[in-house]
Amino acid sequence: MNSKFENELRVKRVSVRKRSRDGKSSCLTPVKKKTCSPRHIREAGTYKIQLHHQDIEWREKNETTELAPDMQDKECHSDDDLFGDYDSLANESSFLAKLDDVEHNFAPACSSPYLETVKHRYANNGKAVAEVRNLEAHSDVKVKFPATEDFTVLKTVNCRDDTKPCHVGNTDSILISDLMDDFFDDLPSSQRILQQENETVTKQTSSEQSGPLNPFRGETFSVKEDEDLTGHSLNSVTHLAEPALNRRRSLKDHLKSTMTGNARAQSPQVFRAKQQKDAVVTKEINLAVKTVESTSDVDLGPFFGLPSKVKELIQKHRGIKDLYEWQRTCLTLESVQQRKNLIYSLPTSGGKTLVAEMLILRELLCRKKDALFILPYVAIVQEKVRGLASFGLELDFIIEEYAGSKGKYPPIKRRLKNSLFIATIEKGHSLVNSLIEANRLESVGLIVVDELHMLGEGSRGAILEITLAKVLFVSKTTQIIGMSATLNNVGDLQKFLKAENYSSDFRPVQLKEYVKLSDCIYEVDCKEEDCFKFSRPLSFKYSSNMKKMDPDHLIALVTEVIPMHSCLMFCPTKKNCENVAGMICKYLNKCFIQHREKEKTDLLDEIRSAGNGSICSVLKRTIPFGIAYHHSGLTNDERKLIEEAYSAGVLCLLTCTSTLAAGVNLPARRVILRSPYVATEFLKRNQYKQMVGRAGRAGIDTSGESILIIQEKDKLLAKALVSKPLENCYSNLIHDNRKGLQSLILSLIGLNISRTPAGIHEFLSCTLFSVQQEHLSSEKSLWDLTMEAVSFLTEKGLIMSTAGSHGDAVLEVTKLGRATYKGSIDLPYCDVLYSDLKRGLEGLVLDSILHLVYLVTPYDMVAHCKPDWMIYFRQFTQLTAVEQNIASMVGVPESYIAKKASGQSLKKGVDSLAVNRFYLSFVLLALLKETNVWVVADKFNLARGFVQSLLASSSAFCSCVVHFTEELEEFWAYRALFIELTKRLTYCVKAELIPLMEVAGILEARAKQLYVAGYKTLAHLANADPNLLTKTIQNMSKRQANQIVASAKMLLTEKAEALQEEVDELLTFPSDLPS
Ligand SMILES: Nc1ncnc2c1ncn2[C@@H]1O[C@H](COP(=O)(O)OP(=O)(O)OP(=O)(O)O)[C@@H](O)[C@H]1O
Ligand SMILES: [Mg+2]
């Protein structure tokens, strides 16, 4: 660092939020502890399956009863799942906001371990203690930056001082042992038995392993005096400037020590063992780095090129002891060693994720590059962020979530740690765009795409294709790996990605497919002439009434497996899921209620409290029988609770829509397809495969079975369904009026990737679309399509032609074009959005939030909700005069709504997009006022799941509009307003819960519980003791507690390090300073 900056730098904070300090309590201790009745403290072990029951016993007891009249006239409505929790947008927070956030999180804790470490650091520098005290006492902070060497000294001193409690490392050991004790109880059922076996083996061999050969035994390893005790040998980072490195590492180490420390006094011996373990990890990483660098065919790393610590973590957190044979083969493929692009396909539950994660770890740890993991849904991204947080903490990389309105564009540049970006398809695209713009795409060494067949799914498929095509074109060093269970034309995809292919039909559990026709079960056997081989008659004793109500014998089929085993029943519509669940319960013997009764009662309590006292009447009736429905109409909280209870075996039957088949890992002993239709469409082979693939739980079942229920009329189609090859995956660039192609071209010009028709054509020749062009658009050439898209964009005012530097014509984006691609605005809506915002400027009403909310109500949600005119009118009349004014400003006349409410049919005169969109704004307004999804859903007679998706997509759209307005000077005034509104829409909870809900996977109900128990800030959660959490928070398993604490630590680390990076950036001496 330049000497000018070395000694005295004064950092003046703009503002410091004063917070109460809760007396002298440390941030290691929660402020308040909730007192819990013994009933609420779940003992470890309550979720264990009671294997002594026999299914036969249950079947015998199963008697028939009459169907209640209210069930008899219930109809099944066709109502497909329309609202997947995918993303559409982006958000970023300013440096000051971040500073404020971290300040907020650290402020209550001048006595926190983090600040303690800062104090020590300056104290060791011998001069700045007073200034640190200043920091505690004043809002204007003067911080002296000490000479860099001192940090190293301090770090060593701190870590070696055995007389002080040191928080590094020992917690990890305690965590490990805690996990080994209680982990089984909280594992998904699919892992429990396997884990128990592992434990037995571990116990048996522990004495052998404690011998001198065990590298993790403290006494066998001596750490050199000058070695970095936190496990980072200097060799591993020699490419960095030494002084800066030391200072940075010191900060990092202190941060890590704080993060990994919990409310316990730690024994020096355990700590020493941890240091030694870390030293081993570092050595192994170095070895692995060398292995990778030499690109040798032979894998020299201890664990597939990774440190053994990874193996340990996989066993600890996943319960996986050994890799499957195919996983070993795949990881050692020559193409993988040579970092060629790769597509691998295996049946569902084949264990694909683990391979992807190990390749990601190699990239982060050995190649020291960032990695991007693209997953299909927000909930899956959050789950993954949580699941990998402990890996990040222990292996020293950062995990950054890009989903919903989370994610920073471009991401923070980190010099010492690598980042794993876990993103949805949409956010992954925005991230790649921002990296291209910042000329940093090469910093991402690896991109992994889960569910690669999503390339073939509508506009989302187009976005995925666009992302991958850009990466292929712009960065030659970024490796792409895609995985999928359902790929037929893998050759096309290989051509597009220039990838090798690996496929296997390995399934850990054998799958037996059956169909049920009339009263008989047939085995699917494609060698048989008509594919169906008679297997057995179905045994059932039905009353005549029951025959009428359950003509497909669903009850007979499920009671062959439940409650001792799990069962999934896929239904064609959401309504049908609810009806079927209700109908089955009507006929089940009451003895089903006794099975795990207490846990089911607890589950109902939790669902009720998640709904602020409201509970769905269907769930209330079905859960006591161990049955629930699962579709997008559930709130996120309900869905999570139901999934967890199903995984733990508390619920034994889920009636669900096809959405459950995509991504969520909820296997079952038996999968029943209630009909071969999704809504009114006959099933596709890919969908069928995804659904039946859920059958069989690895580690528990020896085989899984699927039963497809068909009627005589569908027999031929069903034969084709079980025997034909999978559908091909086709490019969607020209799907929906060539929307994808047009927005691709717009961004190519905007990002300066290609700016002439010839250049664009060259780029398009590298897409999946070009590989499949003959099939997809035989009548038009790629050149014709390019030129037509260029004309379309020009006519729309998004691009124009200008003279290039050599006098040749080049294309350029207009301001509107730039705003459109930067905001990821759908092309069909960009001009409507522009004119809505422009009109808004003429008389923006800020006396109510309604006007702003209207402006960010997503256009694409309008098609999913028709107004109930009576409700519309009632709500309209309750608006204030100012709000009614907004209605007329945006083109929604009261008279129109009144006439509609009175049943008159009106043909002309209004902009129906505006009218219907305004209705959705009412829903959002009510949510922002009410914050209770149930009350709002009730008021508007909408499904609560829909209300929640509307909110999620509005917050995402609002952050898009922020980026859109940023590019257009005339909209400067909107920016600040929409940034605030994004925050309000993102959480839509009381402000006090927001810091907790920032942690991946903490939803409102959990945040409330934590808040009441005294965990009020991110720092509280990051420093919480998982054991205490388990005891004080109702229904929190040990595994969940560990994951929450790990995710909070990761988020805090990420935030603090991001700030540190920004500080370093600010203080870097400019290399181009005029002299
Ligand atoms: N080597 C292994 N030993 C035991 N269990 C494993 C192993 N590898 C993976 N699993 C477990 O198998 C289950 C399914 O794995 P995973 O979710 O990766 O499957 P997948 O191939 O991605 O399936 P899908 O196509 O359904 O997404 C998980 O519970 C995972 O922990
Ligand atoms: Mg998978």
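The following paragraphs examine the structure supplied in this document. (Residues numbered from 1 in each chain as written. Chains lettered and ligands numbered in written order. Predicted model: local features only at pLDDT ≥ 70, side-chain atom pairs only at ≥ 80, totals over all residues. Heavy atoms only, no water.)

1. What about the site of ligand 1?
The following threshold applies: Nearness is judged by heavy atoms alone; a residue qualifies as near a molecule or strand once a single heavy atom is within 4 Å of it. Pairs of N or O atoms are called polar contacts if they sit within 3.5 Å, as long as, within protein, a hydrogen donor faces a hydrogen acceptor (for residues adjacent in sequence, only side-chain-to-side-chain pairs). Computed with the Shrake-Rupley method and a 1.4 Å probe, the accessible areas treat only the protein chains shown as cover for residues.
Of all residues adjacent to ligand 1, which total 17 residues, the nearest are Asp-322, Gln-327, Ser-349, Lys-352 and Thr-353. Taking Tyr-324, its side chain carries an N or O atom lying 3.2 Å from a nitrogen atom of ligand 1. The contact in question runs from an oxygen atom of ligand 1 to an N or O atom on the side chain of Lys-352, over 2.8 Å. Computed on the free molecule, ligand 1 has an accessible area of 630 Å², of which 89% lies beneath the protein chains in the complex.

2. Structural notes on the sheet that holds strand E11 (residues 567-570)
Filter applied, for reference: Two strands make a pair as long as DSSP finds a minimum of two bridges between them. Going along the chain from the N terminus, every DSSP run of H or I of four or more residues is numbered as a helix, and every run of E of two or more is numbered as a strand. Axis lines are fitted through C-alpha atoms, for helices just across the contact stretch, and the angle between N-to-C directions can take any value from 0 to 180 degrees. Whether two residues touch is decided by their heavy atoms; if any such pair falls within 4.5 Å, the residues are in contact.
Ordered in space as E10-E9-E8-E17-E14-E11-E13-E12, the eight strands form an open sheet in which the pairing is mixed. A single partner strand is all that each edge strand has here, and the edge strands are strand E10 (532-537) and strand E12 (627-630). Neighbouring strand axes in the sheet, compared pairwise and without regard to direction, differ in orientation by 25° on average. Sheet topology note: the strand E8 (residues 510-517)/strand E17 (residues 703-710) ladder contains eight bridges and is parallel. Across the sheet, residue Lys-512 finds its bridge partner in E17, namely Glu-705. Together, E8, E11, strand E14 (670-673) and E17 form the strand contacts of helix H27 (residues 685-692), whose direction differs from that of E14 by roughly 145°. Here helix H28 (residues 715-723) sits on the sheet in contact with E8, strand E9 (520-524), E10 and E17, set at roughly 110° to E10.

3. Some words on the side chain of Asn-433
The residue Asn-433 is located in helix H17 (residues 425-437) in this model. When residues no more than four places from it in sequence are discounted, the contact partners of Asn-433 are Lys-470 and Leu-751.

4. Points about the sheet that holds strand E7 (residues 499-503)
With respect to topology, seven strands assemble into an open sheet ordered E3-E4-E2-E5-E6-E1-E7, the strand pairing being parallel. Pairing within the sheet leaves two strands with one partner each, and these edge strands are strand E3 (398-402) and E7. Here the strands of the sheet are splayed against their neighbours by 15° on average, with no regard to which way each runs. Here strand E2 (residues 370-374) runs beside strand E5 (residues 444-449); their pairing, made up of five bridges, is parallel. Directly across from Asp-370, in E5, lies its bridge partner Val-444.

Purely geometric numbers; function is a separate question.
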